[in-house]
Structure formats: C-alpha cells, structure tokens
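Residue-level structure breakdown
Read off the chains here:
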Amino acid sequence: MPEPMTPVTFPPAFLWGAATSAYQIEGAVREGGRTPSIWDTFSHTPGRTAGGEHGDIAVDHYHRYRDDVALMADLGLTAYRFSVSWPRVQPTGRGPAVQVGLDFYRRLVDELLAVGIKPALTLYHWDLPQELEDAGGWPERDTAYRFAEYAQIMGEALGDRVEQWITLNEPWCSAFLGYGSGVHAPGRTDAAASLKAAHHLNLAHGLATSALRASMPARNSVAVSLNSSVVRPASQSPEDMAAARKIDDLANGVFHGPMLHGSYPQSLFEATRSVTDWSFVQDGDLTLIHQPLDALGLNYYTPTLVEAAEAAPAGPRADGHGVSAYTPWPGADDVAFLQTPGERTEMGWTIDPTGLYDLITRYTREAPGLPLYVTENGAAYDDKPDPEGNVHDPERIAYLHGHLSAVRRAIADGADVRGYYLWSLMDNFEWAYGYEKRFGAVYVDYATLERTPKSSARWYGEAARTGVLPAVSEA
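In this report, the structure presented in the accompanying data block is examined. The shown structure was predicted, so the numbers you read here are calculated from the model rather than taken from an experiment. (Residues numbered from 1 in each chain as written. Predicted model: local features only at pLDDT ≥ 70, side-chain atom pairs only at ≥ 80, totals over all residues. Heavy atoms only, no water.)

The next point concerns empty space enclosed by the protein. As enumerated under the stated definition, the model contains five cavities of 30 Å³ or more in all. Ala120, Gln164, Trp165, Ile166, Ser221, Ala223, Ala295, Leu296, Gly297, Tyr373, Thr375 and Tyr421 together form the lining of the largest cavity. When contributions to the lining of the largest cavity are tallied by element, the ones reaching two or more residues are strand E4 (164-169), strand E5 (221-226), strand E7 (296-299) and strand E10 (372-377). For the lining of the largest cavity, the element with the most residues is E4, which contributes three residues. Looking at the lining of the largest cavity residue by residue, the class counts come to eight nonpolar, four polar and no charged. As a volume, the second largest cavity reaches approximately 50 Å³. If you trace the second largest cavity, you find it lined by Ile38, Trp39, Tyr124, Trp126, Trp138, Cys173, Ser174, Gly178, Tyr179, His184 and Ala185. Secondary structure elements with two or more residues in the lining of the second largest cavity: helix H2 (38-43) and helix H8 (171-177). In terms of residue class, the lining of the second largest cavity is made up of eight nonpolar, three polar and no charged. (1 Å grid on protein atoms, 1.4 Å probe; cavity = no way out; pocket = protein on both sides within 12 Å on 5 of 7 lines; lining within 4 Å. Points joined across faces, edges and corners; volume = space filled by probe spheres on them. Helix = DSSP H or I, 4+ residues; strand = E, 2+ residues; numbered from the N terminus. Nonpolar A, V, L, I, M, F, W, Y, C, P; charged D, E, K, R; others polar.)

Right, here's the structure in full:
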C-alpha cells in the first residue's frame, strides 16, 4: 500500500491494544487446581499438533505476568485483551470457583490498571473443560448453561474492575474446526454436530450476556468477537454468487443472524437440510440469544475467494483453516475455495487490507449504532534475531500500517471503531501449528522464554503514544 500524502491520525480516545489467549501463553496447566481443557487433551494426542507441541509451559505468562504487563506499559499500549482459562477458575465446568484461579486474574487485572492499561476480558477462547467435552461438549445443550454459570462467576469476581467483556472468541472455529474438520480441539469430525455446536455457542453467548449483566455494574460493556469472513465470489456469475452466499451464511450468518437480528438465515437452513433438520433449536432460543450488545468485536486476517464447483474439489481446501479430509463447511461440497492473489504471510494468508475495510463497513450497516472493535488482526512471519539480538520485522510493520490505515479510512467514512487489538502481544503456542508460526510483536526465545520487542512492537508503540501511524520505514 503506498504511503499516504498526510499522516494517518486516529481519534484521541481510540484504544491501542494487543491480544492473547490463556492456553497460548499461560502454561502452569497443573497449578492452582486447574484441570485439563480440550486443548490439553488434543495437544497431547499424537499427530494433532506440529511436532507434538503443547501449551504445558507455553511462554509461562502465569508466572511472568508482572513483567509482561510492564513490557506492555513500556510499549505504550492502552488496552490489553486476554482470556480466562475456564478450567483454571471452574475446573470441572461445574460448581464453585477455585479462588486460587480467580486470584491470578485479579492480580493480572490490578497490575494492568495500576499502569493505566484497560483490560478487555474474553470468557472463552476455546479451552472448554475436558469434563464438559466428555459429557458431550458444545453439541450438548447443557454446555451453554454451564457457560452461563461460569460467566456469572467471572462477572461477580471481576465486574468491579473490568469494564470490557467478550463472551466468545471466534465461535466459528470452536464449532466448525473443533467438531467439523477436526483440526482444532476436541478434534471431532461430525458435520451435524458442528451445526449443533454453533447453535449452542450462540445460546451460550446469549445466556452469558444476561448472566454478566445481572452480576456486574451497568457501566460495563458486553461484546462478542466474531471472525467474520470477507467472502468474495470468483466472478459475478449466478453460480459463483450463490456459492459466496452459501459460505457467507456458514461463516457469518450462522452467528450474526441470531446474535444481531434474532434469526438464522433461511438460506442456511436450505443449504444444510441434508446435514440436519435443526430440531435442536428450541422455542425461545432465538430470544435468549438475541441480547442487546454494547459492542462487537471483529477479527480479520485475510479474505475468502470462492467459486461454484460440480462436486467436492479434490485435494486440500484453500480456505486457510488447516488440512483435513473432513470439511468445516457442512452442506457446501459444491463450493471450491481459491487462493487469492498477492503477497502472503507465513500462514499462507493473502495480505489484503481492503478486506478489513469491507468487514468494518459491512457491520456498520448490519448493526447501525453498535460500536466496533478490531479485536484481532496481525500476521505471522519467520522472525529471527540478528547477531546483536535485535528482531527486525519490516513485513509486519507494513502489514500493520496497511490494516490500520484501512481502519482509519473506515472511521473517516462513518464507522464507529473504538479500538484495535494487535494479534498477538508475543509469540506463543499457535494451536495445531505448535510454535512454528510467530504472530507476536514481541519475540520469545522458547528455550529461555526471554522476551524481545521486535521493531514492529516499537513502531506500534509509537502509534499508540501519538495516535499517528509512523512511516513504514520508521522502526
């Protein structure tokens, strides 16, 4: 993207944050009463993750959180989005909380507040207690009610000091990668179960939203973070347009339909009728799901390009969601995913800031008046220290400049975007990819766990302090 003629400036109240998730950074998986989550089980199952790697230690944030918060403050961040490990505070997914687990998050939040960093708490970033999975997991309706009880525990414990709350992170991944293609925990491959999981995640969101509002001060904000896809047809032919609509329903409408509008798209039912009759949707569910939101989080990395196909295309899907013989797109065997042209990150994802602009402006139309946050955006590169121990990542700086410029353009065009959370604060356990993919603005030496801010971290910190994007050459 060419350099703008004038500096890209942001509103004074704009939040400049970074994001992480519990299983990816905390470690300490057997401390303080914590029991296994589905990701502990999945990552310790041979063949599930690159190199058999897991999050037992991760980057040891559980023991190093004070240093990590000090690093955030040094960089100039004004917000930090983190997730709570459900099995750390409610080990079986049922019953009373473990105070040792709650105390860890109390200390973390207090540390953030002490240095002027606004905490944004995500209740669920994929670490379902294994005991709940053993009882059926997200395809089981009861899991939604267990999640609401957990939400109430957290609201009562931290609602006095955390104002920004997010119920679920990327429920699409939980449902369709966890229960459809099986590339995420718990690794199940059942198309009908993936749609049941999606509905029960929606129900969990609605029930948790109500539980949070009943247990916290009214000033607090409740949101959800969706990895809504920017789905583009390969051509304007009726067949390709229909293929894009089908994937848009499965990627987006399945969640924002009930959450924002109180209904599922009828076209989603029609497309998936060979998979399920949707009889798991009970009377009153859509009312429970359709709770007013205070904000909406959008996670964006790359657009999706599709075309109509005669039958399921042979070979791996180019959908960017891992390799599996099973699809995360139930009822969409007649859709082919194409590689979008352009420069790519280490994930193989095309770099396209226009997709973020399109996503923001779409949800400005979908939910007029609802404040938006970019709750994840970032890139993985093969970062390495130079002989002096510095880590220069000009590609990530260019990526951030392009995407933040797209955010600012959307704001200029009337979008109410209140903040941006870089994914990720630091290198960490990248799910099934193990430790191969480095998304962090801070480099982590996995042998010593030493943290080293990359040049992108300094660049982003300058933007946070000034509200102006430095030139790409400034690092």
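Attention now goes to the pattern of salt bridges. Summed over all chains, the structure comprises 34 salt bridges. Between arginine 362 and glutamate 366 there is a salt bridge whose closest N-O contact spans 3.6 Å. Pair noted here: arginine 362 and glutamate 366 are both in helix H13 (residues 353-366), with a separation of four residues, about one helical turn. The class for arginine 362 is buried, based on a relative accessible area of 18%. Among the ionic pairs, aspartate 416 bridges to arginine 418, the shortest N-O distance being 2.7 Å. Judged by its relative accessible area of 37%, arginine 418 falls in the partly exposed class. (Salt bridge = Lys/Arg side-chain N within 4 Å of Asp/Glu carboxyl O. Buried < 20%, exposed > 50% of the residue type's maximum accessible area, 1.4 Å probe, protein only.)

Along its 19 residues, helix H14 (residues 394-412) runs 27 Å from first to last C-alpha, staying within 8% of the 27 Å computed at 1.5 Å per residue. A positive phi of about 110 degrees marks glycine 414, the residue just after H14. (Expected span 1.5 Å × (residues − 1).)

Here we take up the sheet that holds strand E9 (residues 335-338). Adjacent strands of a sheet pair through backbone hydrogen bonds, lying either parallel or antiparallel. What the three strands build is an open sheet, ordered E6-E8-E9; its pairing is mixed. Since the sheet does not close on itself, it has two edges, and those belong to strand E6 (231-233) and E9, each with one partner. Averaged over all pairs of adjacent strands, the angle between their axes in this sheet comes to 40 degrees, without regard to strand direction. By the bridge criterion, three bridges tie E6 to strand E8 (residues 304-308) in an arrangement that is parallel. Counted as the bridge partner of arginine 232 is leucine 305 from E8. (Pairing = 2+ DSSP bridges. Axes fitted to C-alpha atoms, helices over the stretch in contact; angles between N-to-C directions.)

Looking now at the packing of H14 against helix H15 (residues 455-466). Orientation of H14 relative to H15, taken along the N-to-C sense of each, is 30 degrees, at an axis distance of 9 Å. The pairing of H14 with H15 is recorded here as roughly parallel in orientation. Where H14 abuts H15, its residues Arg396, Ile397, Leu400, His401 and Leu404 lie against Ser455, Ser456, Trp459 and Tyr460. Among the residues forming the contact of H14 with H15, the class breakdown is five nonpolar, three polar and one charged. (Parallel < 35°, antiparallel > 145°, perpendicular 65-115°, else oblique. Contact = heavy atoms within 4.5 Å.)

Negative phi values dominate among residues other than glycine, just as trans dominates among peptide bonds. With an omega of 10 degrees, the peptide bond running from alanine 185 to proline 186 counts as cis. Residue tryptophan 423 is joined to serine 424 through a cis peptide bond whose omega torsion reads 5 degrees. Relative to the elements of secondary structure, serine 424 occurs in the loop between strand E11 (417-423) and strand E12 (442-444). Positive phi outside glycine occurs at glutamate 170, with the angle close to 45 degrees. For glutamate 170, a relative accessible area of 7% translates into the label buried. Phi at leucine 449 is positive, roughly 65 degrees, even though this residue is not glycine.

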